[in-house]
Amino acid sequence: DHNVVFFLDLNRTMNTQDVLSGNQYISRIVAAKSLITQIILSEPKFSYGLVIFNTRADYILPPTFDTWTFLLYLSGITTNILPAGKKDFTALSWMFETSPYTSYIVLSDFDALPSSYIFPPHSSLIGIGSSMGDFVKYANGVRYYDNGKSVFSARNDSRAKSFGVPYI
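First, a word on what this report is: a plain description of the structure on this page. This one's a predicted model, so the numbers in the text were calculated from it and none came from an experiment.

Criteria and thresholds
The residue numbers shown here count from 1 along each chain, following its written sequence. Residues qualify for local features only when their pLDDT is at least 70, as the model is predicted, and side-chain atom pairs are given and counted only at 80 or more; totals for whole chains, interfaces and linings, by contrast, use all residues. Only hydrogens and water are set aside when side-chain values are computed; all heavy atoms of the structure are taken into account. Here a strand is any run of E in DSSP of at least two residues, a helix any run of H or I of at least four, and the numbering for each starts at the N terminus. Our radius of gyration is a C-alpha quantity, and the globule rule it is checked against amounts to 2.2 Å times the number of residues to the power 0.38. Any residue under 20% of the maximum accessible area for its type is buried, any over 50% is exposed, and the rest in between are partly exposed; the area is computed with a 1.4 Å probe on protein chains only. To define axes, lines are fitted to C-alpha atoms, for helices over the stretch in contact only, and angles between the resulting N-to-C directions are given on a 0 to 180 degree scale. What sets the label is the angle itself: under 35 degrees gives roughly parallel, over 145 gives roughly antiparallel, 65 to 115 gives roughly perpendicular, and the rest give oblique. Working rule for contacts: check all heavy atoms of both residues, and any pair within 4.5 Å makes them a contact. When DSSP finds two or more bridges between two strands, those strands count as paired. Side-chain rings of Phe, Tyr and Trp, where Trp is taken by its six-membered ring, are said to pair if the distance between their centres is within 6.5 Å; with planes under 30 degrees apart they count as stacked, over 60 as edge-to-face, and otherwise as tilted. Only lysine NZ and arginine CZ atoms are considered, and such an atom sits over a ring when it is within 6 Å of the ring centre and within 35 degrees of the ring normal. Here a polar contact is recorded for every N or O atom pair within 3.5 Å, except that within protein the pair must consist of a potential hydrogen donor and a potential acceptor, and residues adjacent in sequence are included only if both atoms are side-chain atoms.

On to the overall build of the chain. Along its length, the chain carries four helices and 11 strands. Here the chain has a C-alpha radius of gyration of 15 Å; the compact-globule value for 168 residues is 15 Å, and the two agree. Overall, the C-alpha framework of the chain stretches about 50 × 35 × 25 Å when taken along its three principal axes. Within the chain, buried positions represent 46% of all 168 residues.

Structure below.
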């Protein structure tokens, strides 16, 4: 048995539409869900679990070999599921400390406040979005404003690399 748990960033920055797919831009959350689907369908011999996070982390599905159930749960994930707030990677720490699972794949734009958190050795980080970035939108496509200013977000590769595990 080999278990893989995906940790999916659901901060509203994941609504930013800066991922080129064909000839159009799609949101980071759509791109992340598509990537997870591709991984699962290409490696069906593993069991997969799903954790969502923003200011806190919640298990959505423990590792299962039931690919179609996993994909059904994944299809319903939006950035509206968790309360809005500042993304905090330390919210994941209790999951790693208490989880017996083998491998972790964290999908995020890593657009967050500095953190001294180090991911466990059996983790991989996948950066979603572009380093050019774009303006943040709500899940319905309306531009997000904070104190009257449009919020801009770009993938932060240096932040991701600072966590001390492989970054793709």
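Structure's up, so let's keep going.
Pairs of packed helices are described in terms of their axes, by the angle between the two and the distance that separates them. Between helix α1 (residues 28–42) and helix α2 (residues 67–75), the shortest axis-to-axis distance is 11 Å and the interhelical angle comes to 180°. In this view, α1 runs roughly antiparallel relative to α2, as classed from their interaxial angle. Contacts between α1 and α2 involve Lys33, Ile36, Thr37, Ile40 and Leu41 from the first element and Thr67, Trp68, Phe70, Leu71, Leu74 and Ser75 from the second.

This brings us to the sheet that holds strand β5 (residues 57–64). Within the open sheet, the five strands sit side by side as β5-β4-β1-β6-β7. Their pairing is mixed. Two strands in the sheet have a free side with no partner beyond their single neighbour: β5 and β7 (123–127). Adjacent strand axes in the sheet meet at a mean angle of 15°, parallel and antiparallel pairs treated alike. Where strand β1 (residues 3–9) lies against strand β6 (residues 103–108), five bridges are found, and the strand directions are parallel. Its bridge partner being in β6, valine 4 is matched across the sheet by serine 103. Sheet strands in contact with α1 are β1, β4 (47–53), β6 and β7, and its direction is about 170° off that of β1. Lying over the sheet, α2 contacts β1, β4 and β5, oriented at roughly 160° with respect to β5.

This part takes up the packing of aromatic side chains. Each aromatic ring pair is summarised here by two numbers: the centre-to-centre distance and the angle between the ring planes. Under the criterion given, the structure shown has 14 aromatic pairs. Geometrically, the ring pair formed by tyrosine 138 and tyrosine 144 is edge-to-face, given 5.4 Å between the ring centres and 85° between the ring planes. On the accessibility criterion, tyrosine 144 (15% relative accessible area) is buried. Here the aromatic residues Phe53, Phe89, Phe110, Phe119, Phe163 and Tyr167 are joined through ring pairs into a cluster of three or more. Looking at arginine 12, its charged tip hangs above the ring of tyrosine 144, at a distance of 4.1 Å from the centre. Across the ring face of phenylalanine 135, the terminal group of arginine 143 is positioned such that the distance to the ring centre comes to 4.0 Å.

Next up on the list: the side chain of threonine 16. Considering the arrangement of structural elements, one finds threonine 16 in the loop between β1 and β2 (19–21). Polar contacts involving the side chain of threonine 16 include one to the main-chain carbonyl oxygen of threonine 13, which spans 2.7 Å. Every residue in contact with threonine 16, bar those within four places of it in the chain, is listed here: Ile26, Ser27, Arg28, Asp134, Phe135, Val136 and Ser153.

The values reported here are purely geometric and, on their own, carry no functional implication.
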